[in-house]
Structure formats: C-alpha cells, structure tokens
Amino acid sequence: MAGLKSYIKRGAIFLAASLAVFCVLSVLIQTDVINAYYSQILMVICINIILALSTNLIINYTGQLTLGHSAFMAIGAYASAFIQMNTGMPFFLSLLCGSVVAAVFGFLIGLPTLRLKGDYLAITTLGFCQIVVVAIQNIDALGGAQGLAGIPPKTTFPWVFFSMVATIAILYNIVHANQGRAMISVREDEIAAEAMGIDTTRYKIMSFTTGAFFAGYAGGLYAFLMMFIDPNSFNFLKSIDFVIYVVLGGTGGFVGCIASTSILTLLPEVLRFLGGLRMVIYPLLLIVIMILRVKNIRVTSFLHKKSGAMKPKERGEDHAAA
C-alpha cells in the first residue's frame, strides 16, 4: 500500500511539473519570446528525446548495441506520411499506424538477429539501416532518392511535448516493472539470467520491438514537422547520434539521457554563428565532455569504494572502543 501511494505521488509530481513547463513554454512561444525558429528547435529536442529514450531501452537496459535505430525512425516517418497523404486518415491514427509498422519490422528483425551479441549485433543492425535507406531510395511511391514532399504540417508543440511526456511515463513504468528487471538481468549476465529461467531472447525482442515502436512514432512526428523527408536523413550517422545521446546521458538514467539529448541537439544551433568552424568545435566539445564524464565516473567510483572499505574498519574500531 505504501508503495502504491509513493508511486501515485511520484506520478502526480511528474504530471504537475510537466504541465508547469508546458504552460511556461507555451506562453513564451505565444508572446514570441521564443520565435518560430527556436520553437521548431524545441520540438526537434522533444522528438530526439523520444528517440534517445527508445534507444536507451535497448542499449542500457538489455545491453544490446544497436546502430540501426534510425531505420525504424525512417519506417515510421514514411509509413505515417504515406498513409496520411493517400488515405486522409486522422493525424494520430497515421502516427499510430506508422509506429506499428516500425514495431513489426523491429520484431521481424529482432527474431533472427538478437541471438547475436556485441559487435556482431551492431554490424547486423547497421546493415539493416543501410538496407532500409537503399530500399526507400528505390521506391517511387515514397519519392525515391528525391525524398517525399507535400507532407501536411500536422505536428505542433503540444503534440510533441505531451508525446514526449507520455513516452517518458510509459518507458519509466516498463523499466521499473518486472519486465524491466528481467531486461536488466539480461544485461548484467545473460547466462545467469537463463539459468534462473528468464527467457532472454523474449525480453531482448520485447525491448527491441518497444524501442522500434517509439522510434517510428518519433519519425512520424518528424515527418509532419519538416513536411519533407529524405532517405539520407535516416542513415547510420543518425543512429550514431542516438548512441551518443545515450552514452553521454549515463547508464540508464532518464534524467541524464534527457539532459544530454537537449544539450547536444541545441549545441550545433548555438554554434551556428561560427559558420564552418562549428563542425570542428562541436566534435571537440563532445570529446572534452566525454573525457570529463569518464573522469567523474572514476572519481565517484573511487570515493564509493573508499567509503565502502572504511565502514568495516570503522565498525571494528568502534567495537574495540566499546
């Protein structure tokens, strides 16, 4: 009962904080304090957070290195846009259908490939990403290599913001439920998890399919925001961006993942005044941030070990004094 009350309290605080942030940002957008340009960047940040959290579920909670997550974003983007433009289906249903299509592909790809591990899985997902890009380039109905234009501008700030909030809430509940604990056990020691009766392949496919669903949903939001999508926008370099967001954000923490995604999405725009130099300064800043982050982790780990090592000695000294 106490756990349920604590859960409800955390949910209420999260919802209240989300509504407060939304109200503040909405007022700033409506009063043109945040102009149309920065409003679009804000929406891109929300979309990238959805993508980063879906990648985080696969990498940090099941320990599977995927380099093809942008393929599911592409599938969701093209499927949602194609359905909307050819059937006139309502916006949300188009997004949902595109997400389901991406999830189906995630499931079908996950079945044969998630028995692989480490580098082999990374190379396989990378290959899948390139296959999707090349396939789209050769489908005339999807615009081919020239891209798909004429997508209606359906994505608005309330849509992307509350989609991000819903994604955070859903994935948080997943990773803190029994399924999440099973995924973590797969990450920590797959052999031990199998020995305890956990179907490791099932949970890896579950995380892969769930991540693909949210990546497809984010892709749909992106398509209806930009009104034009190009196959090359979803190549493996886009997947590398998601991995960077996750790695910089820490080992599974939602707050760190959200913060790193926001900073790294905004940073290139902040550096835009430098012109071509920003393409040099941005990666240099990434290197510095990662070095500082690793040093911080090592210091924290060292202090933790030292404090843990001192406790038995301190207890022994206290016992001797007694």
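These notes cover the structure that comes with them. (Residues numbered from 1 in each chain as written. Predicted model: local features only at pLDDT ≥ 70, side-chain atom pairs only at ≥ 80, totals over all residues. Heavy atoms only, no water.)

## Remarks on the packing of helix H3 (residues 69–87) against helix H4 (residues 91–113)
- Their axes nearest at 8 Å, the elements H3 and H4 cross at an angle of 140°. Taken together, the axes of H3 and H4 lie oblique to each other. For the element pair H3 and H4, the recorded crossing hand is right-handed. Here H3 contributes Phe72, Ile75, Gly76, Ala79, Ser80, Ile83 and Gln84 to the contact with H4, which in turn contributes Phe91, Ser94, Leu95, Cys97, Gly98, Val101, Ala102, Phe105 and Gly106.
- Within the contact of H3 with H4, the residues separate by chemical class into 10 nonpolar, 6 polar and no charged. (Axes fitted to C-alpha atoms, helices over the stretch in contact; angles between N-to-C directions. Helix = DSSP H or I, 4+ residues; strand = E, 2+ residues; numbered from the N terminus. Parallel < 35°, antiparallel > 145°, perpendicular 65-115°, else oblique. Left-handed = near helix turned anticlockwise from the far one by under 90°. Contact = heavy atoms within 4.5 Å. Nonpolar A, V, L, I, M, F, W, Y, C, P; charged D, E, K, R; others polar.)

## Some thoughts on H4
- For H4, built from 23 residues, the straight-helix expectation of 33 Å at 1.5 Å per residue is met to within 8% by its first-to-last C-alpha distance of 33 Å.
- Among the residues making up H4, those that are buried are Phe91, Ser94, Leu95, Gly98, Ser99, Ala102, Ala103, Gly106, Gly110 and Thr113. (Expected span 1.5 Å × (residues − 1). Buried < 20%, exposed > 50% of the residue type's maximum accessible area, 1.4 Å probe, protein only.)

## Digging into unusual backbone geometry
- Although it is not a glycine, Asp32 adopts a positive phi angle of roughly 65°.
- Mapped onto the secondary structure, Asp32 falls in the loop between helix H1 (2–30) and helix H2 (36–62).
- The backbone of Met227 sits at a positive phi, close to 65°, despite the residue not being glycine.
- Locating Met227 in the fold gives a position in the loop between helix H9 (200–226) and strand E2 (228–229).
- On the accessibility criterion, Met227 (37% relative accessible area) is partly exposed.

## As for helix H10 (residues 236–249)
- Compared with an ideal rise of 1.5 Å per residue, which puts 14 residues at 20 Å, H10 spans 20 Å between its outermost C-alpha atoms and is within 8% of the ideal.
- Looking only at H10, the buried set comprises Ser239, Phe242, Val243, Tyr245, Val246, Leu248 and Gly249.
- Immediately downstream of H10, the backbone of Gly250 shows phi near 110°, a positive value.

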